[in-house]
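The primary structure of each chain is shown beneath.
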Amino acid sequence: MQNYFALFQLPQQFELDMAVLDAQYRKLQAEVHPDKFVNASPAERMQSMQMATQVNEAYQVLKQPTSRARYLLQLQGIATDEENNTAMPGDFLMAQMEWREAMDDARFGKDIPALDALLKEMRTQAKALQQQVANEIVAAPTQAALTVRKLRFIDKVSEDVNQLIAQLED
């Protein structure tokens, strides 16, 4: 399995130029797309399909800040253990509870602007954690694992808020 950063010819770091990532993705997709291998041997078609799949998977991982941070830690042999380790600092858990309560209030009141404001607040929190994780991956990788778990929590609540907005808009 090729390193995703090497695949896209990008530096192995948290901060990435998304325009370069997108351009490299399109370039690689054009090179390995199965449609280009219609008349190739079955083995070449299979290799094209596997490569296209790897390019797609790598792009999805590197495009999202949380998954990119998780991947960088995996490359260092550090597991974020998000499924099993849900321990969080008390202040962070309190913020989660407040966000969930705000979601419930907005659901009851069908208050989409309140949900938009909640999303904005969570994006601000996520941006701060992304800055933090960028530094921690280099300086304190084991601490970065906790920050990735926090980012995953925020991603999950954000997904729930977006689903709720979609429900209320229907």
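Scope of this entry: the structure provided in the associated data block.

Rules used throughout
- Residues numbered from 1 in each chain as written.
- Predicted model: local features only at pLDDT ≥ 70, side-chain atom pairs only at ≥ 80, totals over all residues.
- Heavy atoms only, no water.
- Core = buried A, V, L, I, M, F, W, Y, C linked by side-chain atoms within 4.5 Å.
- Buried < 20%, exposed > 50% of the residue type's maximum accessible area, 1.4 Å probe, protein only.
- Helix = DSSP H or I, 4+ residues; strand = E, 2+ residues; numbered from the N terminus.
- Contact = heavy atoms within 4.5 Å.
- Salt bridge = Lys/Arg side-chain N within 4 Å of Asp/Glu carboxyl O.
- Patch = residues over 30% accessible without salt bridge, like charges linked within 9 Å, V, L, I, M, F, W, Y side chains within 5 Å.
- Areas by Shrake-Rupley, 256 points an atom, 1.4 Å probe, with all protein chains shown as cover.
- Lys, Arg positive; Asp, Glu negative; His and termini not counted.
- Charge placed at Lys NZ, Arg CZ, Asp CG, Glu CD.
- Expected span 1.5 Å × (residues − 1).
- Arc of directions from axis to C-beta.
- Polar contact = N/O pair within 3.5 Å; in protein donor to acceptor, adjacent residues only side chain to side chain.
- Phe/Tyr/Trp six-rings, centres within 6.5 Å; stacked < 30°, edge-to-face > 60°.

Once that is clear, we can look at the nonpolar core. Counting residues in hydrophobic clusters, the biggest one holds 46 residues, and the most contacted among them are Phe-8, Leu-62, Met-122, Val-133, Ile-137 and Val-161. Breaking this core down by element, the ones donating at least two residues are α1 (4-7), α2 (18-32), α3 (42-63), α4 (65-75), α5 (90-109), α6 (112-139) and α7 (141-169). Per-element tally for this core: the top contributor is α7, with ten residues. Setting aside its immediate chain neighbours within four residues, Leu-62 contacts Tyr-4, Phe-5, Phe-8, Leu-10, Leu-16, Met-18, Leu-21, Arg-68 and Tyr-71.

Turning next to the pattern of salt bridges. Enumeration over the complete set of coordinates arrives at six salt bridges. Notably, a salt bridge pairs Arg-152 with Glu-159, separated by 3.5 Å at the nearest N-O pair. With a shortest N-O distance of 2.8 Å, Lys-156 and Asp-160 are connected by a salt bridge. Placement of the pair is Lys-156 and Asp-160 together in helix α7, with a separation of four residues, close to one helical turn. Take Lys-156: its relative accessible area is 36%, and that puts it in the partly exposed class. You can call Asp-160 buried: its relative accessible area is 14%.

Among the surface-exposed residues, Glu-98, Glu-101, Asp-105 and Glu-121 lie close enough to one another that they form a single negatively charged patch. Here Asp-105 is to be found in helix α5. Of the residues examined, Asp-105 reaches a relative accessible area of 56% and is grouped as exposed.

With that out of the way, let us pick up the environment of Pro-89. By the element assignment, Pro-89 lies in the loop between α4 and α5. C-alpha separation for the pair Pro-89 and Thr-66, spaced 23 residues apart in sequence, amounts to 19 Å. Those residues in contact with Pro-89 that lie beyond four places of it in its chain are Leu-146 and Lys-150.

Let's shift gears to α5. In this model α5 runs 28 Å from its N-terminal to its C-terminal C-alpha over 20 residues, within 8% of the 28 Å that 1.5 Å per residue would give. Along α5, the positions that sit buried rather than exposed are Phe-92, Gln-96, Trp-99, Met-103 and Ala-106. The buried residues of α5 occupy one face: seen down the axis, they fall within an arc of 90°. Seen from the open side of α5, the exposed residues pointing more than 90 degrees away from its buried face are Asp-91, Asp-105 and Phe-108. Looking at the packing, one finds that the buried side of α5 touches α6 and α7. Once α5 finishes, Lys-110 follows within two positions and takes phi at roughly 50°, a positive value.

With that settled, the discussion passes to the side chain of Thr-80. Mapped onto the elements of the fold, Thr-80 is located in the loop between α4 and α5. With relative accessibility at 6%, the residue Thr-80 sits in the buried group. Side-chain polar atoms of Thr-80 contact the side chain of Glu-82, separated by 2.5 Å. The residues contacting Thr-80, other than those within four sequence positions of it, are Arg-70, Leu-73, Ala-145, Val-148 and Arg-149.

Below, the discussion takes up the packing of aromatic side chains. Enumeration according to the criterion identifies four aromatic pairs in this entry. On the basis of an interplanar angle of 15° and a centroid distance of 4.5 Å, the ring pair of Tyr-4 and Tyr-71 is categorised as stacked. Of this pair, Tyr-4 sits in helix α1 while Tyr-71 sits in helix α4, and the two are 67 residues apart along the sequence. For Tyr-4, a relative accessible area of 4% translates into the label buried. Their ring planes at 15° and their centres at 3.9 Å tell us that Tyr-25 and Tyr-59 sit as a pair that is stacked. Of this pair, Tyr-25 sits in helix α2 while Tyr-59 sits in helix α3, and the two are 34 residues apart along the sequence. For the residue pair Tyr-25 and Tyr-59, the accessibility class agrees, reading buried in each case. Put simply, the rings of Tyr-4, Phe-5 and Tyr-71 pair up and form one aromatic cluster.

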